[in-house]
Amino acid sequence: EVQLVESGGGLVQPGGSLRLSCAASGFRFSDYSMNWVRQAPGKGLEWVAYIRSDMTHYADSVKGRFTISRDNAWNSLFLQMISLTAEDTAVYYCAKEGGFHKGSVFDIWGQGTVVTVSS
Amino acid sequence: DIQMTQSPSTLSASVGDRVTITCRASQSINSWLAWYQQKPGKAPKLLIYKASSLESGVPSRFSGSGSGTEFTLTISSLQPDDFATYYCQQYNSFWAFGPGTTVDIK
């Protein structure tokens, strides 16, 4: 079964840091681009970051503060977040790219991990 | 950046109704448009990719159409499991989601 499981969320003070992880299973992780998407409470979906091999892209709202990385040997995706503000409070999802046939849609999503930035 | 809009923002419907949701892009995205369904407390689920291709396992009552800047998602006969929020997403240039359309019970 193809599965993504996020972890690492929690309560952090403004200005603090947090590192999210996403464990992948059931597919050849190294063959696919991966993404992070977030959803603030009661709001819509916001793409956050993308990684394919050594290529990364970021939403303007997180550029310079968030770093996406991956470890293909451990089938894992990461999101290092620094200088957090209340506006970063959200459920963070990791999402797998659909691949060549589907294009860069997000066909598999994790269950999400909650990040709360508050003093 | 490409901006996505959806209409309506909320739609009240009954089981068996035909439902149509519209998504517009601020510039042409060819057919690089996806639709997702999200239920409260759950992750989004891919329904449609490349504007009109049905994701494996998704019921055939869901269909998508359009190209360029205007797209539609149609549910031919609304079922109880379909009450949810629906998001469109462009993936022509990076990624951007529409604001969502909530389908609730009339």
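The structure we're discussing is the one just above.
Definitions and cut-offs
- Residues numbered from 1 in each chain as written.
- Chains lettered and ligands numbered in written order.
- Predicted model: local features only at pLDDT ≥ 70, side-chain atom pairs only at ≥ 80, totals over all residues.
- Heavy atoms only, no water.
- Helix = DSSP H or I, 4+ residues; strand = E, 2+ residues; numbered from the N terminus.
- Rg over C-alpha atoms; globule rule 2.2 N^0.38 Å.
- Buried < 20%, exposed > 50% of the residue type's maximum accessible area, 1.4 Å probe, protein only.
- Contact = heavy atoms within 4.5 Å.
- Areas by Shrake-Rupley, 256 points an atom, 1.4 Å probe, with all protein chains shown as cover.
- Lys, Arg positive; Asp, Glu negative; His and termini not counted.
- Charge placed at Lys NZ, Arg CZ, Asp CG, Glu CD.
- Core = buried A, V, L, I, M, F, W, Y, C linked by side-chain atoms within 4.5 Å.
- Buried area = accessible area lost by both parts, 1.4 Å probe.
- Salt bridge = Lys/Arg side-chain N within 4 Å of Asp/Glu carboxyl O.
- Nonpolar A, V, L, I, M, F, W, Y, C, P; charged D, E, K, R; others polar.
- Disulfide = S-S within 2.5 Å.
- Pairing = 2+ DSSP bridges.
- Axes fitted to C-alpha atoms, helices over the stretch in contact; angles between N-to-C directions.

## Quick notes on the overall build of chain A
A tally of regular secondary structure across chain A gives zero helices and eleven strands. Along chain A, helices (α) and strands (β) appear in the sequence β-β-β-β-β-β-β-β-β-β-β when read from the amino end. Compactness check: chain A gives a C-alpha radius of gyration of 14 Å against a globular reference of 14 Å for 119 residues, within 12% of the reference. Viewed in the frame of its principal axes, chain A has a C-alpha envelope of about 45 × 25 × 25 Å. Looking at chain A as a whole, 50% of its 119 residues qualify as buried. Taking contacts inside chain A between residues at least 6 apart in sequence as the whole, the part at least 24 apart equals 53%. Element-wise, carbon and sulfur atoms account for 50% of the exposed surface of chain A, whose accessible area totals about 5,600 Å². Here chain A contributes 10 positively and 11 negatively charged side chains, and the mean placements of these two sets differ by 2 Å.

## Some words on the nonpolar core
Counting 44 residues, the largest nonpolar core has A:Trp36 and A:Leu79 as its most contacted members. A total of six residues in this core trace back to one element, the largest contributor, which is strand 5 (residues 45-52) of chain A.

## A closer look at the interface of chain B and chain A
Chain B puts 18 residues into the contact, and the matching count from chain A is 21 residues. Interface area, chain B with chain A, both sides summed: about 1,700 Å², of which 63% is carbon and sulfur. A per-residue breakdown of the area chain B buries against chain A is headed by B:Pro44, B:Trp95 and B:Phe97, which together make up 37% of the total. Between A:Lys102 and B:Glu55 there is a salt bridge; the shortest N-O distance is 3.0 Å. Those elements that provide at least two residues to the side of chain B that touches chain A are strand 4 (33-38), strand 5 (45-49) and strand 9 (85-90) of chain B. Among the elements that make up the side of chain B that touches chain A, the one with the highest residue count is strand 4 of chain B (three residues). Here the residues of the side of chain B that touches chain A are counted per class, giving twelve nonpolar, two polar and four charged.

## Examining the environment of A:Thr116
All names here are of chain A. By the secondary structure assignment, Thr116 is in strand 11 (residues 113-117). Taking relative accessible area as the criterion, Thr116 reaches 31% and is therefore assigned partly exposed. Among all residues touching Thr116, those that are not within four sequence positions of it are Gly10, Leu11, Val12 and Thr89.

## Re the state of the cysteines
All names here are of chain A. This model, assessed by the stated rule, comprises two disulfides over all chains. One disulfide bridge connects Cys22 with Cys94, the sulfur atoms lying 2.0 Å from each other. Handedness of the Cys22-Cys94 disulfide follows from its S-S torsion of about 55°: it is right-handed. Residue Cys22 is located in strand 3 (residues 18-25), and its partner Cys94 is located in strand 9 (residues 90-97); the two are separated by 72 residues in the primary sequence. No difference in accessibility class separates Cys22 from Cys94, as the two residues are buried.

## Thoughts on the sheet that holds strand 1 (residues 3-7) of chain A
All names here are of chain A. Taken in spatial order, the four strands line up as 1-3-8-7 in an open sheet, and their pairing is antiparallel. In this open sheet, the two strands that pair with only one neighbour each are strand 1 and strand 7 (66-71). Across the sheet, the mean angle from the axis of one strand to that of its neighbour is 15°, orientation sign disregarded. As judged from the six bridges shared by strand 7 and strand 8 (residues 76-81), these two strands associate in the antiparallel manner. If you follow Ile68 over to strand 8, its bridge partner there is Leu79.

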